[in-house]
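Structural overview
What follows is the residue order along each chain.
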Amino acid sequence: MKQENLSARVGIPGLQTGEDVNPKGSVAAVGDLDRIGRQSRDGAPPLLAMSGGPATEKYGSLVGRAIGVNVLAIVVNRRVGIADLTTAQVQGIFEGRFRNWSELGGANWPITIVGRNADSGTRFSLERQILHHIERLPTSSTDCRAPDKDPAAVVARCEKPDVGSLLAAVNEIPGAIGYSGVATVAEYANILMTRLNGVTPDIAFVRKHTYSFWSVEYFYSYGQPRGDTLAASFLYYLSLGKANSILNRYGYPSCVDPRNREFCHE
């Protein structure tokens, strides 16, 4: 199960037959669901949107259900030669105060920042939990290798529409840094999940309140879906032990697990 398959998605009406699942960022997913719901003449549409983090209060008709914890990580290309970063160092990278990994004790590679676009719930978690909404460098690169959009930029920074393309870029570019849920990183041989302030990104340390970069995955419906719809059946299935085991197996610790319940309400 790829990370993008368990992150913000909205199904269009084919969801009733299990045929249509459209990958989107969290913001776009819940926005589309709200728009479709408001336009529906038959009450709550049998659709679900998945969001990495809670939807904003402006979507008052959406009903959210916490599904699982998504442990997040700062990821780098292995060739940077660094396995541990502090919060202050990550902030300095995203502000442009550090331009080369050698300034942080790593290899002599220019730093390239690979981020998600504004629809991403993971990006919102990074900004809130790590960057604390500091002013970030503007996007300066289209290919994530050179600041071709702004030759005067001190650091190349690009944005990707989904986590798969972000990880592919970090995997290929020697000086790249990005961020992702931990569940998919193992698929990329050249990517290393860094420790943050000396702590490994793992649910065990989230539970101990020593690792602070994580989010909650939610399914949203527009109102309550009718009981005879696939959407309602799927939501019920997610409350069962079998679904709980599947979520845990693929790296998304379930909110049904008593050990995780305190984290399932951001």
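Going by the structure above, here's the rest.
The sections below set out a description of the structure shown in this document. Here the structure is a predicted model, which means the values were calculated and not measured.

1. A few points about the nonpolar core
Ranked by size, the top nonpolar core spans 60 residues in total, and within it Ile93, Trp101, Ile177 and Phe213 carry the most contacts. Going through the elements one at a time, helix H1 (26–39), strand S4 (62–77), helix H2 (87–95), strand S6 (112–116), helix H4 (163–172), strand S8 (176–181), helix H5 (203–207) and strand S11 (214–222) are the ones with two or more residues in this core. Element by element, the count of residues in this core is highest for S4, at eight residues. Leu235, Leu238, Ala243 and Leu247 belong to the second largest nonpolar core, which has 10 residues in total.

2. Considerations on the pattern of salt bridges
According to the stated counting rule, one finds 10 salt bridges in the structure shown. As a salt-bridge pair, Asp34 and Arg38 come within 2.8 Å of each other at their nearest N and O atoms. Taken together, the residues span about one helical turn, with Asp34 and Arg38 both in helix H1 at a distance of four residues. Residue classification places Asp34 among the buried positions, given a relative accessible area of 8%. The partner of Arg259 in a salt bridge is Asp257, with the nearest N and O atoms 2.8 Å apart. Assessed through its relative accessible area of 51%, Arg259 is described here as exposed. Here the residues in one salt-bridge network are Arg123, Glu127, Arg157 and Glu159, joined through shared partners.

3. Digging into the environment of Met193
One can find Met193 in strand S9 (residues 191–193). Given a relative accessible area of 30%, Met193 falls into the partly exposed group. For the pair Met193 and Tyr179, spaced 14 residues apart in the sequence, the C-alpha separation amounts to 8.7 Å. Other than its neighbours up to four places away in sequence, Met193 contacts Ala73, Ile74, Val75, Val182, Val185 and Pro201.

The rules behind these values
Residues numbered from 1 in each chain as written. Predicted model: local features only at pLDDT ≥ 70, side-chain atom pairs only at ≥ 80, totals over all residues. Heavy atoms only, no water. Core = buried A, V, L, I, M, F, W, Y, C linked by side-chain atoms within 4.5 Å. Buried < 20%, exposed > 50% of the residue type's maximum accessible area, 1.4 Å probe, protein only. Helix = DSSP H or I, 4+ residues; strand = E, 2+ residues; numbered from the N terminus. Salt bridge = Lys/Arg side-chain N within 4 Å of Asp/Glu carboxyl O. Contact = heavy atoms within 4.5 Å.

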